[in-house]
Amino acid sequence: MPDKPRDRRPPETGPGEAAGSAAGGRSARLPRPVYERELLRLQEQLVVLQEWVRATGARLVVLFEGRDAAGKGGAIKRVTEYLNPRVARVAALPAPTERERTQWYFQRYTEHLPAAGELVLFDRSWYNRAGVERVMGFCTEEEHARFLRQCPVFERLLIEDGILLRKYWFSVGDEEQERRFRSRMADPARRWKLSPMDLESRIRWEDYSRAKDEMFAHTDLPGSPWYVVDADDKRRARINMIAHLLSTVPYHEVERPELILPPRPPSAGYRRPPRDTQTHVPDHAASLPGAAGKRP
């Protein structure tokens, strides 16, 4: 029998969705120097965690879910910034193909689960069915109900097989989400982050809130709990999420062999080809204001 869901739901049904976003409870934005110093320290520990995963053959899965513009992508970038992409990879699946729509729902996700010594971060996951598919009508009522029944069983199977599963929900308030949407619309470098689906989520704010509450009621279980990240302050959210992840995994420093840089042997007569025999990219950097100076 599946675990009984816990009777607790983070408040996310109105403008003050994220804890601290309501009047009087908002946390001050984390100062940049404090953020950057602690982020670097945590990223160094993530490298230690990575080496432990590789050395011990552990399998770690981290799910990143939440509203659009809640900061999931930015958190994933900070987690993976110094990690080896052969060990830590990101799974961000596109819309299912016609063939995939006829498969067992979880089938396309199982292909991306880690093998021994790997860490996989899901930028949205199988919980699409409980969120966007549910709200936008991309699945039937029967398919949604089946997902809520099967998901706890699916996750229990993963955990029983030895996979370390962590689930994070990034919670952002109504006003902060609108501010981020408007900021992206005005920034050519980030406009690609907005899709018609994202904008539709503004209209369906309460529908998404109800869908999330129902999802938590069925899948926030003692064996695979949801961890809510208050994300109105991106800096604070990244620090809190990474620190929590590290605190939940029993990793330790793995002894590595000492590396010694060998001396280069004497030249055996090799001569570099003349520079004009190769096609070099133009020195665009030299045309920038203030770039004049000695070549290193």
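A brief look at the structure comes next. Numbers given for residues are sequential positions, taken from 1 along each chain in its written order. Given that the model is predicted, a residue must reach a pLDDT of at least 70 before its local features are reported, and side-chain atom pairs must reach 80 or more before they are shown or counted; all residues, however, enter totals for whole chains, interfaces and linings. In computing side-chain properties, one takes all heavy atoms of the structure into account and sets aside hydrogens as well as water.

**Considering the pairing of strand β1 (residues 59-66)**
Defined as follows: Only protein chains enter the accessibility calculation, which uses a 1.4 Å probe; a residue is then buried when its area is under 20% of its type maximum, exposed when over 50%, and partly exposed in between. Numbering of helices and strands runs from the N terminus; a helix is a DSSP stretch of H or I covering at least four residues, while a strand is a stretch of E covering at least two. In short, DSSP must find at least two bridges between two strands for them to pair.
Most of β1 is tucked away: 8 of the 8 residues are buried. As judged from the 6 bridges shared by β1 and strand β3 (residues 118-123), these two strands associate in the parallel manner. The partner of V62 across the bridge, within β3, is L121.

**As for the side chain of Q43**
The line we're drawing: In this description, contact between two residues means that some pair of their heavy atoms is separated by no more than 4.5 Å.
Along the chain, Q43 falls in helix α1 (residues 32-56). Look past the residues within four positions of Q43 in its chain and what remains in contact with it is R78, E81 and Y82.

**Some words on the packing of aromatic side chains**
To keep it simple, the criterion reads: Note on aromatic pairs: the rings of Phe, Tyr and Trp (six-membered ring only in Trp) are paired at centre separations within 6.5 Å, and the planes decide the class, stacked below 30 degrees, edge-to-face beyond 60, tilted for the rest.
In this structure the tally under the stated criterion is 20 aromatic pairs. Ring plane angle 90° and centroid distance 5.1 Å describe the contact between W126 and F154, whose orientation is recorded as edge-to-face. With W126 in the loop between β3 and α5 (132-136) and F154 in helix α6 (residues 141-160), this residue pair connects regions lying 28 residues apart in the sequence. Residue W126 shares its accessibility class with F154, and that shared class is buried. An angle of 35° between the planes, with centres 5.8 Å apart, marks the rings of Y168 and Y227 as tilted. Pair noted here: Y168 is in strand β4 (residues 164-171) and Y227 is in strand β5 (residues 226-230), with a separation of 59 residues, a long-range link.

**A few points about the pattern of salt bridges**
Our working rule: For salt bridges, the criterion is a side-chain nitrogen of Lys or Arg within 4 Å of an Asp or Glu carboxyl oxygen.
All told, the structure shown has 21 salt bridges when counted by the stated rule. When the shortest N-O distance is used, the salt bridge between E51 and R54 registers 2.7 Å. Note that E51 and R54 are positioned in helix α1 at a spacing of 3 residues, about one turn of the helix. Among the salt bridges present, the one from R101 reaches E98, with a minimum N-O distance of 2.7 Å. Placement of both R101 and E98 in helix α3 (residues 98-101) is noted, with a separation of 3 residues, approximately one turn of the helix. Each of E51, R54 and R256 takes part in salt bridges that share partners, so that together they form one network.

**Description of the nonpolar core**
Selection criterion: Definition used in this section: a nonpolar core is a set of buried Ala, Val, Leu, Ile, Met, Phe, Trp, Tyr and Cys residues joined via side-chain atoms within 4.5 Å.
Ranked by internal contacts, the top residues of the largest apolar core, which has 34 residues, are L46, L49, V62, F64, F170, M241 and I242. Taken together, the elements giving at least two residues each to this core come down to α1, β1, α2 (72-80), β3, β4 and α10 (234-248). The leading source of residues in this core is α1, at 8 residues. Ignoring any residue separated from it by four or fewer positions in sequence, one finds L49 in contact with L60, L119, L246, V249 and Y251. Counting residues in hydrophobic clusters, the runner-up holds 23 residues, among them Y127, F154, I163 and M215.

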